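For reference, the chains in residue letters:
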Amino acid sequence: MEKLKAINWPSLVAGKHSWIEDHFKVHSVLEDKKTVCRFFSLDFSGTQQEMLSLTESLAESIEHYVFDKKQLASFHKEGKVPFQKAMRFFGKTNPDMDGKYGELLLYLLTEKFLHTPLVSHKLSLITNTNDQVKGGDGIFFGDYKDELAILIGESKIHQGAAGAMEDALESLDRFYDNYSSGQLGHEMFIARSNISENFSSLDDAENLYKAFTPGTEQYKGCVKAHPVLLVFESSKISTIEEKAKNKDEAEKMFSEWLTSRSKEIQNLLDDKLNKYPELRKIYIDVFIVPLTNVSKFKNALYREIHGVDYVSNEK
């Protein structure tokens, strides 16, 4: 365990993601026992929450999500473009039905605000570029609340806050409520099979491998935490955009609304945890992002990644 504790985990964050501060405003952070709710808003441009600059920055980050540093260096040495390779993971599937866009945003927010690096990159997890490995939406490792932690992500983009939260908690509960499903063991197998090569020594990688192996000293010494992304729609944002005279007024109106809404959402999380008592035993860290239109967000990100609008093949 001492060797794992000695690793500087924040230094292993592949991209520093400083651009996030240009697009998101951090509002209140509410903590209660083992849960944290972090509230964010998309920055206003004038009186509107425009998504263009955000989706451009998100798209530029996909190569760090799909590949580790060694893979990226290999591509550059061979004169290949990592972005084009990374696009294969984001297949040309209907963005309204595709969960990978939420996974990407969750990865960025987790590395930026929890300072825990992604330790299992995505390319080797897929055999079909239009398919996704079922399970968590990102595996991270590092110091969380001064404890070594295995972090398994979950992202939900939904039309309503309650629906997004219910879906996320139901998914997390499968890790702990029904061990016969083997989902937690499957997730640990994925982690062991795809450990990032961003580590400075084989010894570090070996200890991390043991941390993802149930029964070992390293595994037992880690707490489990779940970074959760909830993106949902709110008509209140459109009302603010209509009423505000300028950016400052829009930001003020949004902040006042979210301050009053944040406690409601925290109480909603606590209430829903009554349905999933096993989840009260582990850490849950929730990133909450209300938007005007979640479909427009996902379709805009699809366009930035693929260079074209999504067109359905269905007749």
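Residues numbered from 1 in each chain as written. Predicted model: local features only at pLDDT ≥ 70, side-chain atom pairs only at ≥ 80, totals over all residues. Heavy atoms only, no water.

Labelled according to an unreviewed UniProt entry, the protein appears under the name Anti-bacteriophage protein A/HamA C-terminal domain-containing protein, originating from Marinobacter subterrani.

### Some thoughts on the packing of aromatic side chains
What counts is decided by this rule: The aromatic pairing rule takes the rings of Phe, Tyr and Trp, using the six-membered ring of Trp, and pairs them if the centres are within 6.5 Å, calling planes under 30 degrees apart stacked, those over 60 edge-to-face and the rest tilted. Exposure is judged per residue with a 1.4 Å probe applied to protein chains only, and the accessible area is read against the type maximum: over 50% gives exposed, under 20% gives buried, and values in between give partly exposed. Charges are assigned to positions over rings by a cutoff of 6 Å between ring centre and Lys NZ or Arg CZ, combined with an angular limit of 35 degrees from the ring normal.
A full pass over the atoms with the stated rule returns 16 aromatic pairs. A centroid spacing of 5.2 Å and a plane angle of 90° characterise the contact between phenylalanine 89 and phenylalanine 90, whose relative ring orientation is edge-to-face. Note on accessibility: phenylalanine 89 and phenylalanine 90 belong to one class, buried. An aromatic cluster of at least three residues, connected via ring pairs, comprises Tyr65, Phe89, Phe90, Tyr101 and Tyr107. Across from the ring centre of tyrosine 283, 5.3 Å away, lies the NZ or CZ of lysine 34, which sits over that ring.

### Considering the packing of helix α8 (residues 161-177) against helix α9 (residues 183-193)
The axes of two packed helices give the description: the angle between them and the distance between them. We apply this condition: Angles run from 0 to 180 degrees between N-to-C directions of axes, and those axes are lines fitted to C-alpha atoms, restricted for helices to the stretch in contact. The secondary structure listing takes helices from DSSP runs of H or I that are at least 4 residues long and strands from runs of E that are at least 2 residues long, numbered from the N terminus. Should an angle fall under 35 degrees it is called roughly parallel, over 145 degrees roughly antiparallel, and 65 to 115 degrees roughly perpendicular, with every other angle called oblique. Whether two residues touch is decided by their heavy atoms; if any such pair falls within 4.5 Å, the residues are in contact. Each residue is assigned to one class: nonpolar for Ala, Val, Leu, Ile, Met, Phe, Trp, Tyr, Cys and Pro, charged for Asp, Glu, Lys and Arg, and polar for all the others, Gly among them.
Their axes nearest at 7 Å, the elements α8 and α9 cross at an angle of 95°. With respect to each other, α8 and α9 are oriented roughly perpendicular. In this structure, α8 uses Ser171, Arg174 and Phe175 to contact α9, whose residues at the interface are Gln183, Leu184 and Glu187. Looking at side-chain class alone, the contact of α8 with α9 contains two nonpolar, two polar and two charged residues.

### Quick word on the nonpolar core
In plain terms, the rule: The criterion is simple. A nonpolar core is a set of buried Ala, Val, Leu, Ile, Met, Phe, Trp, Tyr and Cys residues joined through side-chain atoms within 4.5 Å.
In this structure, Phe141, Leu169, Phe212, Leu279 and Ile284 are the most contacted members of the largest nonpolar core, which totals 51 residues. Residue contributions to this core peak at eight residues, all from α8. Once you skip the residues sitting within four places of it in the chain, phenylalanine 212 turns out to touch Val119, Ile139, Phe141, Ile150, Met188, Ala191, Arg192 and Tyr219. Within the second largest apolar cluster, 44 residues are counted, among which are Ile20, Tyr101, Leu118 and Phe287.

### Quick word on the pairing of strand β7 (residues 283-291)
The two faces of a sheet get side chains in turn, since along a regular strand they alternate between them. For clarity, the threshold we go by: Only strands joined by at least two bridges in the DSSP assignment are considered to pair.
Burial runs high along β7: nine of the nine residues are buried. Judged by which residues are buried, β7 turns out to be covered on both faces: Tyr283, Asp285, Phe287, Val289 and Leu291 on one side and Ile284, Val286, Ile288 and Pro290 on the other are all buried. When strand β2 (residues 35-42) meets β7, the two strands line up parallel, connected through five bridges. If you follow arginine 38 over to β7, its bridge partner there is phenylalanine 287. Summarising the sheet, strand β6 (residues 223-233) and β7 pair through nine bridges and their orientation is parallel. Across the sheet, the residue bridging to valine 231 is valine 289, located in β7.

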